[in-house]
Amino acid sequence: RIMAKMNALTDPQLIQTLYDASGAGVQIDLIVRGICCLRPGIPGISDNIEVRSIIGRFLEHSRVYFFENDGNPEVFASSADFLPRNMFRRVEVCFPMVQKKLADRLREDLEAILRDDVNAWILQSNGTYIRVEATAHPFEAQTSFLERFKR
């Protein structure tokens, strides 16, 4: 499994790599605030990929990358989006979260964002977004983070 949170995804090589991973059976959950050139849900190409965007009270700017890694999970924080300029024309930082407590918290945060059914929009294979329908017990990730910070 891959979970990744970023602001933009336009790099053709990274998109192809994600398509290849999807084709190999990897479940991929992307949280992309802005532009996303990847098309999820295309049979045989990206049917294991979901892309969502959160449009809430706060501008989300963090970039977090989680890899299940065959039972040895790895979590990274980064300054880089998946853009060609970030991969080839800038100096960016991506570092592993080696402290288990921090890595677990970032993974839990990603999972919370993926549960959001108040501010989430899902990218369709045709490039349009549809709003996620709230469940009987709506969950808003940003509000849950605020509550945690208050404690």
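These lines cover the structure that appears in this document, whether it is placed above or below.

Scoring rules and cut-offs
Residues numbered from 1 in each chain as written. Predicted model: local features only at pLDDT ≥ 70, side-chain atom pairs only at ≥ 80, totals over all residues. Heavy atoms only, no water. 1 Å grid on protein atoms, 1.4 Å probe; cavity = no way out; pocket = protein on both sides within 12 Å on 5 of 7 lines; lining within 4 Å. Points joined across faces, edges and corners; volume = space filled by probe spheres on them. Helix = DSSP H or I, 4+ residues; strand = E, 2+ residues; numbered from the N terminus. Pairing = 2+ DSSP bridges. Axes fitted to C-alpha atoms, helices over the stretch in contact; angles between N-to-C directions. Contact = heavy atoms within 4.5 Å. Nonpolar A, V, L, I, M, F, W, Y, C, P; charged D, E, K, R; others polar. Buried < 20%, exposed > 50% of the residue type's maximum accessible area, 1.4 Å probe, protein only. Salt bridge = Lys/Arg side-chain N within 4 Å of Asp/Glu carboxyl O.

### A word on empty space enclosed by the protein
Here the idea is plain: a probe the size of a water molecule rolls over the atoms and shows the empty space left.
No. 1: On inspection of all chains with the given rule, the structure shows one cavity of 30 Å³ or more.
No. 2: Surrounding the largest cavity, Lys5, Met6, Asn7, Ile31, Val32, Arg33, Ser53, Ile54, Glu60 and Ser62 form its lining.
No. 3: Elements with a contribution of two residues or more to the lining of the largest cavity: β1 (2–6), β2 (28–32) and β3 (49–54).

### Here's the deal with the sheet that holds strand β7 (residues 120–123)
No. 1: An order of β6-β5-β4-β1-β2-β3-β7-β8 is seen for the eight strands of this open sheet, with the pairing classed as mixed. Since the sheet does not close on itself, it has two edges, and those belong to β6 (94–96) and β8 (129–131), each with one partner. The average angle at which neighbouring strand axes cross in this sheet is 20°, direction not considered.
No. 2: Each of β1, β2, β3, β4 (63–67) and β5 (74–78) is contacted by helix α3 (residues 100–115), which is oriented at about 80° to β1, the strand it contacts most.

### Some details on the layout of surface pockets
No. 1: Space inside the largest pocket adds up to approximately 270 Å³.
No. 2: Considering the residues around the largest pocket, the lining is formed by 17 residues, among which Lys5, Glu60, Ser62, Asp109 and Phe145 are closest to the centre.
No. 3: Of all the secondary structure elements, the ones that give two or more residues to the lining of the largest pocket are α3 and α4 (141–150).
No. 4: Residue composition of the lining of the largest pocket, grouped by class: nine nonpolar, three polar and five charged.
No. 5: Estimates place the volume of the second largest pocket at around 230 Å³.
No. 6: For the second largest pocket, the lining is made up of 17 residues, of which Leu14, Leu18, Tyr65, Phe67 and Phe82 are closest to its centre.
No. 7: If you list the elements that add at least two residues to the lining of the second largest pocket, you get β1, α1 (12–23), β4 and β5.

### Structural notes on the environment of Met6
No. 1: Looking at the secondary structure, you find Met6 in strand β1.
No. 2: Judged by relative accessible area, Met6 falls into the buried class, the value being 1%.
No. 3: Separated by 107 residues in the primary sequence, Met6 and Ile113 have C-alpha atoms spaced 12 Å apart.
No. 4: Aside from chain neighbours lying at most four places away, what touches Met6 is Leu30, Ile31, Val32, Arg33, Ser62, Arg63, Tyr65, Asp81 and Phe82.

### A word on the pattern of salt bridges
No. 1: The full count for this structure, using the stated rule, is eight salt bridges.
No. 2: Two residues, Arg1 and Glu111, come together in a salt bridge whose shortest N-O distance is 2.9 Å. Taken together, the residues Arg1 in the segment before β1 and Glu111 in helix α3 connect sequence positions 110 residues apart.
No. 3: Overall, the relative accessible area of 31% leaves Arg1 in the partly exposed class.
No. 4: The exposure class assigned to Glu111 is partly exposed, which follows from its relative accessible area of 24%.
No. 5: Note that Glu50 is salt-bridged to Arg52, the shortest N-O span being 3.3 Å.
No. 6: Here Glu50 falls in the partly exposed class, since its relative accessible area comes to 30%.
No. 7: Taken together, the salt bridges that share partners define one network made up of Arg1, Asp29 and Glu111.

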